[in-house]
Number of protein chains: 2
Amino acid sequence: MTTASADDVGPTVRVGFLGCGTVGAESVRILTQRREAITRYSGVDVEVVRIAVRDLGVERDLPVPDTVLTDDPAAVVAADDIDLVVEVMGGTDPAGSLVAAALDLSKPVVTANKTLMAADGPALLDKARAANVDLLYEASVGGGIPIIRPLTETLAGEYVRRVMGIVNGTTNYILTRMDEEGAGFDAVLADAQALGYAEAEPSADVDGHDAAQKAAILATLAFGTRVHDTDVPTEGIRGIDAHDLGLGRRLGYVVKLLAVAEYDEAADAVLARVFPAMIPDSHPLANVRLSYNAVFVEGESAGRMMFYGHGAGAGPTAMAVVGDVVDAARNLRQGARGPHVSRRALHGIKDGADATSQYYVRLEVEDRPGVLAEIARAFGDHGVSLKSVLQEGREADAELVMITHASREADVDAAVAVAGGLDGVENVAAVMRVVADEDA
Amino acid sequence: MTTASADDVGPTVRVGFLGCGTVGAESVRILTQRREAITRYSGVDVEVVRIAVRDLGVERDLPVPDTVLTDDPAAVVAADDIDLVVEVMGGTDPAGSLVAAALDLSKPVVTANKTLMAADGPALLDKARAANVDLLYEASVGGGIPIIRPLTETLAGEYVRRVMGIVNGTTNYILTRMDEEGAGFDAVLADAQALGYAEAEPSADVDGHDAAQKAAILATLAFGTRVHDTDVPTEGIRGIDAHDLGLGRRLGYVVKLLAVAEYDEAADAVLARVFPAMIPDSHPLANVRLSYNAVFVEGESAGRMMFYGHGAGAGPTAMAVVGDVVDAARNLRQGARGPHVSRRALHGIKDGADATSQYYVRLEVEDRPGVLAEIARAFGDHGVSLKSVLQEGREADAELVMITHASREADVDAAVAVAGGLDGVENVAAVMRVVADEDA
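Every value quoted in this text rests on a predicted model; they were computed, and no experiment measured them.

Undergrad: For this particular structure, what's the right way to read the interface of chain A and chain B?
TA: The parts lose accessible area when they come together, and the size of an interface is often stated as this lost area. Each partner contributes to the interface: chain A provides 61 residues, whereas chain B provides 60 residues. Sorting the residues of the side of chain A that touches chain B by element identifies helix H1 (22-33), helix H2 (35-42), helix H5 (114-131), helix H6 (148-154), strand E11 (303-310) and helix H12 (314-334) of chain A as the ones contributing at least two each. In terms of residue class, the side of chain A that touches chain B is made up of 27 nonpolar, 22 polar and 12 charged. Here three bridges tie E11 of chain A to strand E11 (residues 303-310) of chain B, and the two strands are oriented antiparallel to one another. When the sheet's bridge partners are listed, Phe-307 of chain A is paired in E11 of chain B with Phe-307 of chain B.

If you want it as structure tokens, here you go:
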């Protein structure tokens, strides 16, 4: 084993980029313009020597010579003068095979690609481990928020119990505005689209798929289990009614779209899900507004932690890419690598069928004698006890808002189905999980 | 340069502890009881083989044989069978010379000692760099909150503008209770002492000295400048009146004791200070309650980030120690080491004389014609403009509450001195900085 001397910067680590969209361009800009400061700080010199782009004809404002650009990503991966590969193309194809090819050549890879890591992360991490090089992906979850590295390194000896994140900026923006303005989902979505906070085709965000990819990555990392996004039961926010946000506020809750991964010790299994939930307004996640993201971690020793920041955007995401590049480059020069999560024990994966949760249930009812008793009996018959009940309105316009104690989710579903079929119940208007607040 | 094969755990890294109080004992417990899981996860095997304690006669419940204990810390540092030293004694003497001795022997050191790092951190980090080994200190600031590693690694390419932390749990606990109960400082302090949240001799906490040590460490790290705690102008919370917390709430502010480190590009200098301040109630730091800590970081690329969790306590602090031990052990086995902050450029240190800030000023005044005009003139004469004015009460019991726009602090001091001497002004009841909220 040899060690570099303290001030030996060593040969320049030559970096090849695959892709050069907004995140790629900003990463190239930071690595190039702050090169000297990065070297001084980290002890390693990094140079961007090749960038594969889709279309060489596009005008780009990059602080590198035009000769650095190519339209052949496979050649960048294979080139003898590329030591480290940064993948910022997105998607699984061809990004996945390019990343795999780089790892097969024992070249460390930095990726910002949540789609790829959610679909193939565990297999790629195994490949990286076999090749004894780093595959780093801080930018894939929470943009500029350092969350992957703390979970990997600082908490190396921790038993994580639960990870709960607001990991999609678009839905958090929409829910924040619905909450603060009392506006409806459709109106806020349209405005968010006009302002550029939501895509014209918003399904990846509002239906929870983007959050599910991040939930899979966080669950894989926190519990050392191979969780893919297809393992993540997912609900989006299209069905959220601003009326329930207002009622939630009155009851002390805020509605957020959460990516939740938890370990069930008895079942030795991990459950990763995405759903909108009411969380207590004193909970640290409750104050994460607009497009900000945050990841809340509960550990056996460290207790409750939260990591907050911009979950997207060129600057924050590029910052995470650059941090990973510097780390991987330093490891490469030192003949070292970081810890690999795939070394951990494998647990099973739960489907949520026997999960328990508190619930918020709103029923539109007729305000006449006996209805409340029948509804309460439907819940009691299924073993679901009620923590609070709020009845409002009169006669045909009445509504009944209930918060349950923690119950088996399947029992709540069954109770709600029975209650919904009762004569005096006109409509099941809302059913939403409630996050209990143990010690906020 | 050689690389370890993927599954080669390598020889056990033998750890010697200096000190075994609550943090030390919990660190030993985690390293011992989770040894197998840590190895599986991190690829390195760590064993606690020696623990230096002050008094061998004390009964201890440790999961190690009694033969591991010794009362000779220097022998632990020097022992051939100790590869890595963990310093959890606290204080500067003899901890400082023991840490230095370990580094001189090229043994990596993990420390939880904020007093030592605030007093001698820069020199010790230089020594670690010269010896080409790690000196890690995640536990010294923010207990179980990963903050040192994100600032060191994830943000390696970032230009940090400002770090602002709630880094003392005792003062935050006192301020939270004063705020929520309307109780006075003395009463809450007495209760906090009875409950074990404050020491019998509370000066290190309530006068801001503990926070100043952490401010020095954060400033050193964030700006690559050698800041010592003696460079940190410090104000505590003894003078805080619950009445101002109530008025602050009405104006949309919460009072917190902040450790603030910022870089002034024009002066090429760092200003690190500790003071109580009003922060907007929509700011992420505003909701950090009771003994929780949080560090808020503003970077040029990544924007606003916050790291939140338990700032103290055996479990959280031990978790940070264990993360550092695993990291240093892995680096040791790979012949590598992490980045060393002392490589960075050195900036000057500012004393705050020409700092600018918004201010909250409360004056007890006579409610008679002309007083407000005279006060406003005193501020205007010093170039301090008022953002809002609130006058309450009548006649001799009136008070005037002003929020200024950002102004030179020396000008505000001068204006307040003049206003305080005016005929109709009975008392300058409170002067406190206000943190502007750019984009919460």
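Here the narrative resumes.
Undergrad: Sorry if this is basic, but what is going on with the relation of the copies chain A and chain B here?
TA: Mapping between the two copies of the chain is achieved by a rotation about an axis and a shift along the axis. Once turned by 180 degrees and shifted 0.0 Å along the axis, chain A lies on chain B with an RMSD of 0.0 Å. What the superposition gives is, in effect, a two-fold axis relating one chain to the other. Nearest to the rotation axis, the C-alpha of Phe-307 of chain A is located 2.4 Å from it, this being the minimum over chain A. When the interface residues of chain A are mapped onto chain B, 98% of them again fall at the interface, so both copies present the same face.

Undergrad: Could you clarify how one ought to interpret helix H8 (residues 185-195) of chain A in this entry?
TA: Along an α-helix, residues three or four apart share an orientation, since each turn contains 3.6 residues. Residue and element names in this part refer to chain A. Turning to H8, its buried residues number three or more, namely Val-188, Leu-189 and Ala-192. Buried residues of H8, viewed axially, fall in a sector of 100 degrees; they line one side. For H8, the exposed residues set more than 90 degrees away from the buried face come down to Asp-186 and Ala-194. Against helix H7 (169-181) and helix H9 (203-206) lie the buried residues of H8. Looking one or two places after H8, you find Gly-196, whose phi comes out positive at around 85 degrees.

Undergrad: Is there a simple way to think about the environment of Ile-166 of chain A in this case?
TA: Residues and elements named next belong to chain A. Looking at the secondary structure, you find Ile-166 in strand E7 (residues 160-166). Through-space distance from the C-alpha of Ile-166 to that of Glu-399 is 30 Å; in sequence the pair is 233 residues apart. Beyond its immediate stretch of four places on either side in the chain, Ile-166 contacts Asn-172, Lys-256, Leu-257, Leu-258, Leu-285, Val-288, Asn-293 and Ala-294.

Undergrad: What exactly am I supposed to notice about the nonpolar core here?
TA: One broad rule of soluble globular proteins: the nonpolar side chains tend to lie buried together. Counting residues in each nonpolar core, the largest one holds 293 residues, and the members touching the most others are Ala-215, Val-321 and Val-325 of chain A together with Ala-215, Val-321 and Val-325 of chain B. Beyond its immediate chain neighbours, meaning those up to four positions away, Val-325 of chain A contacts Val-15, Leu-31, Val-46, Leu-84, Val-86 and Val-110 of chain A.

Undergrad: Got a minute to help me understand the pairing of strand E1 (residues 13-18) of chain B in this structure?
TA: Within a regular beta strand, the side chains point alternately toward one face of the sheet and then the other, so they alternate between its two faces. Residue and element names in this part refer to chain B. Here E1 lies mainly inside the structure; five of its six residues are buried. Two elements, E1 and strand E2 (residues 46-52), share six bridges in a ladder whose sense is parallel. Paired with Arg-14 across the two strands is Glu-47, which belongs to E2. Of the strand pairs in this sheet, E1 and strand E4 (residues 84-87) are connected by four bridges, and their pairing is parallel. Note that in E4 the partner of Leu-18 across the bridge is Glu-87.

Undergrad: I tried to follow the domain arrangement of chain A on my own but got confused; where do I start?
TA: Residue and element names in this part refer to chain A. Considered domain by domain, chain A is made up of domain 1 (13-144 + 314-343), domain 2 (157-308) and domain 3 (356-434). Centre-to-centre, using C-alpha coordinates, domain 2 lies 25 Å away from domain 3. Listed by partner, the interface residues are 10 residues for domain 2 and nine residues for domain 3. Sorting the residues of the side of domain 2 that touches domain 3 by element identifies helix H11 (242-251) and strand E9 (269-280) as the ones contributing at least two each. Of the residues assigned to the side of domain 2 that touches domain 3, the class counts are seven nonpolar, one polar and two charged.

Undergrad: What should I look at first to understand the sheet that holds strand E5 (residues 109-111) of chain B in this one?
TA: Strands belonging to one sheet form pairs held by backbone hydrogen bonds; the direction of such a pair is parallel or antiparallel. Residues and elements named next belong to chain B. Pairing is parallel in the open sheet, where six strands are placed in the order E3-E2-E1-E4-E5-E6. What marks the edges here is a single partner per strand, and that holds for strand E3 (69-70) and strand E6 (135-136). In this structure, E2 lies alongside E3, joined through two bridges in parallel fashion. Of the residues in E3, the one forming a bridge with Ala-52 is Thr-70.

Undergrad: Would you mind going over the confidence of the model for chain A with me for this structure?
TA: Low pLDDT marks stretches whose predicted atomic positions should not be read closely. Residues and elements named next belong to chain A. This prediction gives chain A a mean pLDDT of 92; 96% of its residues lie at or above 70. For residues 1-6, every residue scores under 50 in pLDDT, and the model assigns this stretch 14 contacts once sequence neighbours within four places are set aside. Two summary scores accompany this predicted model of the complex, namely pTM at 0.92 and ipTM at 0.90.

Definitions and limits used
Residues numbered from 1 in each chain as written. Chains lettered and ligands numbered in written order. Predicted model: local features only at pLDDT ≥ 70, side-chain atom pairs only at ≥ 80, totals over all residues. Contact = placed C-beta atoms within 7 Å. Helix = DSSP H or I, 4+ residues; strand = E, 2+ residues; numbered from the N terminus. Nonpolar A, V, L, I, M, F, W, Y, C, P; charged D, E, K, R; others polar. Pairing = 2+ DSSP bridges. Least-squares fit on C-alpha atoms with pLDDT ≥ 70 in both. Buried ≥ 20, exposed ≤ 12 C-beta atoms within 10 Å, placed from the backbone. Arc of directions from axis to C-beta. Core = buried A, V, L, I, M, F, W, Y, C linked by C-beta atoms within 7 Å. Domains from an automatic or database assignment. pLDDT = per-residue confidence, 0-100.

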